[in-house]
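# Coordinate analysis (summary)
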Amino acid sequence: MTVTILYREELKEYDFGPGHPFRGDRYQIFPKFLQEHVKPDEKYRFLKAEPAKDEDLRRICDPDYIKFTKEYYRASFLEKVEDEGAFFRYHTMDNHPIGRPGRLEEAARLVIGQAKLAADLVQSGQYRKVISLGGGLHHAKRNFGEGFCIYNDVAFTGIYLVEQYRLERVLILDTDAHAGNGTAEYFYSDPRVLFIDIHQDPRTLYPGTGFAYEIGAGEGKGKTVNIPLPPNAGNDSYKLVFEEIIEPLTKEFQPQIIVRNGGSDPHFSDELTSLGLTVAGFRMIGEKVRKMAAVCDGKEIDLIASGYNREVLPYAWLALVGGLLDWDVPIDEPVRVPAILRTDSHLPETKRVVNEVKSYLRDYWKCFR
Ligand SMILES: [Zn+2]
């Protein structure tokens, strides 16, 4: 099966500047590593998308937010000084570009353009699986940017599939270490999108949302599923969560397509987070998602961006992609796994979380009764 990987060099402009953990050159690491380890043959091809237009962005953002964001990020340093007060009406400090005027906003549009092309390619039947490198900017909201995210491509993918292709059952699975607070907000009352979010306990990590009791509202009640894992939870915890929650829900929901997002920040060595996955754990996530997608004829869109340990990033991303596509690739651990993480000592705590999640959702899902 050939997979399309959406990538273009301009993604490197998605860069907040020196000293910020989110630097644009992170994106160049994976395509290079992939080509060194896997021959393209029939396996994959790279494709370039075009940046999204205002009309695309209006599906997910208010017009004044788009206008301000475009002008601010493209402005010169002196022009920016004038707008400094307004900036914090629309964005948090971690979205503040350090230094030079850049093309960050255009790169953010490119990520939305990739989401749109991914949906078009899968819905047209040309490809079953499309990967968007640089995607998964799940903290951005309709009129507020935060957590290194300006425009939310996960939300765009879901909304575009529902509005443009009239899909009635879209599964979004967020495996990033941080809770997808932006994505959650978009679909909180929407019964067409089942949003499952597995992340580090919000009491211990930004953005501080994504508790088990947050299950959606109105018609969307029961269609938001938050699985907050204890710090250091490892491969066995993830395996349990897939077997006990994610796989049964997928079977019952019968999605028409799966959209997964999240890079390598749940790795134990990540500098911003405290989860306990190893590279082998990323392979397992990829394999699980591939098998789950059997319910929708293998249709899956994969959005990958996070990961702040650059040494681990290419290994974890390749393991994830290898699992998704059933590629025979080596699973190397670039950082020695500390003895304390070789067995998942947090499994009992994860079991309690699993039971808690099920108890909140029992009224909405037969598989939890
Ligand atoms: Zn993250």
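Heads up: the structure comes first, above all this text.
Right, let's walk through the structure included here. Quantities reported herein were computed from a predicted structural model and do not represent experimental measurements.

A few words on the state of the cysteines. Going through the model one piece at a time under the given rule, you end up with 0 disulfides. Here Cys61 stays unpaired: no disulfide links it, and the sulfur of Cys149, its closest cysteine neighbor, is 12 Å away. The class for Cys149 is buried, based on a relative accessible area of 2%.

The strand order across the open sheet built from 8 strands is S2-S1-S3-S8-S7-S4-S5-S6, with neighbouring strands paired in parallel fashion. Of all strands in the sheet, those bounded by a partner on one side alone are strand S2 (44–47) and strand S6 (224–229). With strand direction ignored, the average angle separating the axes of adjacent strands in the sheet is 15°. Bridge count between strand S1 (residues 3–6) and strand S3 (residues 129–133): 3 bridges; the pairing is parallel. In the strand pairing of S3, Thr4 is matched with Val130.

A word on the coordination of the zinc ion. Protein coordination at the zinc ion comes from Asp176 (OD), Asp176 (OD), His178 (ND1) and Asp265 (OD), with a distance range of 2.0 to 2.7 Å. Bound by 4 donor atoms, the zinc ion shows angles of 52 to 152° at the metal and therefore irregular coordination geometry.

Moving on, we come to the packing of aromatic side chains. For any pair of aromatic rings, geometry is given as the distance between the ring centres together with the angle between the planes. Following the criterion strictly, the structure yields 26 aromatic pairs and no others. Ring centres of Phe22 and Tyr27 lie 6.1 Å apart, and the angle between their planes is 65°; this geometry places the pair in the edge-to-face category. Take Phe22 and Tyr27: they sit in the same class, and that class is buried. Relative to Phe88, the ring of Phe87 has its centre 5.2 Å away and its plane inclined at 85°; by these criteria the two rings are edge-to-face. Taking relative accessible area as the criterion, Phe87 reaches 0% and is therefore assigned buried.

Glancing now at unusual backbone geometry. For the peptide bond that leads from Tyr206 to Pro207, omega is 5°, which places it in the cis range. With respect to the secondary-structure elements, Pro207 resides in the loop between strand S5 (193–200) and S6. Phi is positive for Phe148, which is not a glycine, with a value near 70°. Locating Phe148 in the fold gives a position in the loop between S3 and helix H6 (153–164). If you check the backbone angles, Asp326 has positive phi at about 60° while not being a glycine. The residue Asp326 is located in the loop between helix H10 (313–325) and helix H11 (347–361) in this model.

For soluble globular proteins, nonpolar side chains are generally found buried alongside one another. Counting residues in hydrophobic clusters, the biggest one holds 119 residues, and the most contacted among them are Tyr14, Tyr151 and Ile227. At 11 residues, helix H5 (residues 104–123) tops the list of elements feeding residues into this core. Residue contacts for Tyr14: discarding those within four places in its chain leaves Phe22, Arg23, Gly24, Tyr27, Leu104, Ala107, Ala108, Leu137, Phe148, Cys149 and Ile150.

Before going further, it helps to spend a moment on the side chain of Ser264. Its location among the elements puts Ser264 in the loop between strand S7 (257–261) and helix H9 (279–292). For Ser264, a relative accessible area of 2% gives the class buried. Within the structure, Ser264 has its side chain in polar contact with the side chain of Trp317 (distance 3.3 Å).

Two numbers describe how helix H3 (residues 63–74) lies on H5: the axes approach to 7 Å, and their chain directions differ by 130°. Relative to H5, the element H3 is oriented oblique. Of H5, the residues touching H3 (which contributes Ile66, Thr69, Lys70, Tyr73 and Arg74) are Leu104, Glu105, Glu106 and Arg109. The residue inventory of the contact of H3 with H5, partitioned by class, reads 3 nonpolar, 1 polar and 5 charged.

The end-to-end C-alpha separation of H5 is 29 Å, in line with the 28 Å expected for 20 residues at 1.5 Å each. Most of H5 sits inside the fold, with 16 of its 20 residues counted as buried. Of the residues trailing H5, Gly125 is marked for its positive phi of about 85°.

What counts, and at which threshold
Residues numbered from 1 in each chain as written. Predicted model: local features only at pLDDT ≥ 70, side-chain atom pairs only at ≥ 80, totals over all residues. Heavy atoms only, no water. Disulfide = S-S within 2.5 Å. Buried < 20%, exposed > 50% of the residue type's maximum accessible area, 1.4 Å probe, protein only. Pairing = 2+ DSSP bridges. Helix = DSSP H or I, 4+ residues; strand = E, 2+ residues; numbered from the N terminus. Axes fitted to C-alpha atoms, helices over the stretch in contact; angles between N-to-C directions. Donors = N, O, S within 2.8 Å, 3.2 Å for Na, K, Ca; no water. Tetrahedral: all angles 85-135°; square planar, octahedral: opposite > 155°, others 65-115°. Phe/Tyr/Trp six-rings, centres within 6.5 Å; stacked < 30°, edge-to-face > 60°. Core = buried A, V, L, I, M, F, W, Y, C linked by side-chain atoms within 4.5 Å. Contact = heavy atoms within 4.5 Å. Polar contact = N/O pair within 3.5 Å; in protein donor to acceptor, adjacent residues only side chain to side chain. Parallel < 35°, antiparallel > 145°, perpendicular 65-115°, else oblique. Nonpolar A, V, L, I, M, F, W, Y, C, P; charged D, E, K, R; others polar. Expected span 1.5 Å × (residues − 1).

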